Amino acid sequence: MIKKIIRAYVLMFEFIDLFFTLSPKYKGEARIKIFGRPHFKGGPATKHDQMRPILARRGRPYSTLHCFSAIYVPLWMVKVLKWRGARLVVNQNGVAYPAWQPYGYQKKNKWLRDLNQMADHVFFQSKFALQSYQDWVSPEL
């Protein structure tokens, strides 16, 4: 419970930075920010670390928002940033399915579908990730 409250505060502070530093026409060198920093070890944390040199720092302008499909961010926050002009890129690297998440996998996949529908560009980590998305989330991209 405490972890969820802390995570909610972190997301809200991150959203505030994203909201006030968004500059849709910004073309500077570091113009990408990641929404929903990984809080666990694994693929998203590795990608985050690899992207660190090209990311805009907190308080600096950006124009492109990057989301990892494995990191939950509230869709209403993403919609507000899109409304303000952010370009959205999604790294789609997995889906939920019954053997992995017996309860609630449909809800997780609906969130994935909604996030990807808002994206200006979705890139799939592999052919397997694309096929899994088509099988479990939506046959249409």
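Position numbers for residues start from 1 in each chain and track the written sequence from start to end. Note on the predicted model: pLDDT of at least 70 is required for a residue's local features to be given, and 80 or more for side-chain atom pairs to be given and counted; whole-chain, interface and lining totals, by contrast, use all residues. By convention in this description, side-chain values take in all heavy atoms of the structure and omit both hydrogens and water.

Asks: Quick question: what am I supposed to make of the overall build of the protein chain here?
Replies: Along its length, the protein chain carries 5 helices and 4 strands. With C-alpha atoms as the basis for the radius of gyration, the globule rule is written as 2.2 Å multiplied by the number of residues raised to the power 0.38. A globule of 141 residues ought to have a C-alpha radius of gyration of about 14 Å, and the protein chain, at 15 Å, matches this closely. Across its three principal axes, the protein chain shows a C-alpha extent of roughly 40 × 35 × 30 Å. Only protein chains enter the area calculation, which uses a 1.4 Å probe; residues under 20% of their type maximum are buried, those over 50% are exposed, and those in between are partly exposed. Expressed as a percentage of the 141 residues in the protein chain, the buried residues total 40%. When contacts within the protein chain are restricted to residue pairs at least 6 apart in sequence, long-range pairs at least 24 apart make up 70% of them. Summing over all exposed atoms, the protein chain offers an accessible surface of approximately 8,900 Å²; the carbon and sulfur share of this is 61%. Each helix is a run of H or I in the DSSP string that is no shorter than four residues. Each strand is a run of E no shorter than two, and both are numbered from the N terminus. Note on definitions: a residue-residue contact is assigned when non-hydrogen atoms from the two residues lie within 4.5 Å. Computed with the Shrake-Rupley method and a 1.4 Å probe, the accessible areas treat only the protein chains shown as cover for residues.

Asks: Before we go on, may I ask you to explain the environment of Tyr133 in this structure?
Replies: For Tyr133, the location among the structural elements is in helix H5 (residues 127-136). By relative accessible area, Tyr133 is classed as buried at 2%. Considered as a pair, Tyr133 and Lys4 are 129 residues apart in the sequence and their alpha carbons are 27 Å apart.

Asks: For this particular structure, what's the right way to read the layout of surface pockets?
Replies: One water molecule sets the probe size; rolling that probe over the atoms shows where empty space is left. By volume, the second largest pocket is sized at about 200 Å³. A 1.4 Å probe that fits but cannot get out identifies a cavity on a 1 Å grid over protein atoms alone, an open set with protein on both sides within 12 Å along at least five of seven lines counts as a pocket, and a residue lines either if it has an atom within 4 Å of a point. Lining the second largest pocket, in full, are Tyr72, Gln101, Gly104, Lys107, Lys108 and Trp111. Each residue gets one of three labels, nonpolar for Ala, Val, Leu, Ile, Met, Phe, Trp, Tyr, Cys and Pro, charged for Asp, Glu, Lys and Arg, and polar for the others, Gly among them. Considered class by class, the residues forming the lining of the second largest pocket number 2 nonpolar, 2 polar and 2 charged. Grid points are joined across faces, edges and corners, and a volume is the space filled by probe spheres set on the points.

Asks: What should I look at first to understand the packing of aromatic side chains in this one?
Replies: Geometry of an aromatic ring pair is reported as the spacing of the ring centres plus the angle between the planes. Pairing of aromatic side chains requires ring centres within 6.5 Å, counting the rings of Phe and Tyr and the six-membered ring of Trp. Pairs whose planes differ by under 30 degrees are stacked, by over 60 edge-to-face, and all others tilted. One pass over the structure, following the stated rule, counts 7 aromatic pairs. Here Tyr105 and Trp136 contribute two aromatic rings whose centre-to-centre distance is 6.0 Å and whose plane-to-plane angle is 85°, an arrangement assigned as edge-to-face. Linking Tyr105 in helix H4 (residues 105-118) with Trp136 in helix H5, this pair joins segments that are 31 residues apart in sequence. An aromatic cluster is defined as three or more aromatic residues linked by ring pairs; in this entry it consists of Phe15, Phe19, Phe20 and Trp76. Criterion for a charge above a ring: Lys NZ or Arg CZ within 6 Å of the ring centre, and within 35 degrees of the ring normal. Note that Arg84 overlies the ring of Phe19, its terminal NZ or CZ placed 4.4 Å from the centroid.

Asks: Please explain the nonpolar core as it appears in this structure.
Replies: Where a protein is soluble and globular, its nonpolar side chains tend to be buried together. Side-chain atoms within 4.5 Å are what join buried Ala, Val, Leu, Ile, Met, Phe, Trp, Tyr and Cys residues into a set we call a nonpolar core. Of all hydrophobic cores here, the largest spans 25 residues; its most connected members are Phe35, Leu81, Leu88 and Leu115. Mapped by element, the contributors of at least two residues to this core are helix H1 (2-21), strand E2 (64-68), helix H3 (75-83), strand E3 (87-92) and H4. The contacts of Phe35, once residues within four sequence positions are left out, are Leu11, Glu14, Phe15, Leu18, Leu65, His66, Cys67, Val73, Met77, Val78 and Leu81. Within the second largest apolar cluster, 5 residues are counted, among which are Ile34, Leu55, Phe68 and Ile71.

Asks: Sorry, what's going on with a positive patch on the surface here?
Replies: Two joining distances apply to patches: 9 Å for like charges and 5 Å for nonpolar side chains (Val, Leu, Ile, Met, Phe, Trp, Tyr), and every residue must have over 30% relative accessible area and no salt bridge. Salt bridges are identified by distance alone: a Lys or Arg side-chain nitrogen within 4 Å of an Asp or Glu carboxyl oxygen. Asp and Glu count as negative and Lys and Arg as positive, but His and the ends of the chain are not part of the count. Positions of charges follow a simple convention, taking NZ of Lys, CZ of Arg, CG of Asp or CD of Glu. Where like charges cluster on the molecular surface, the positive patch consists of Lys25, Lys27, Arg31 and Arg87. Inspection of the secondary structure assignment puts Lys27 in the loop between H1 and strand E1 (32-35).

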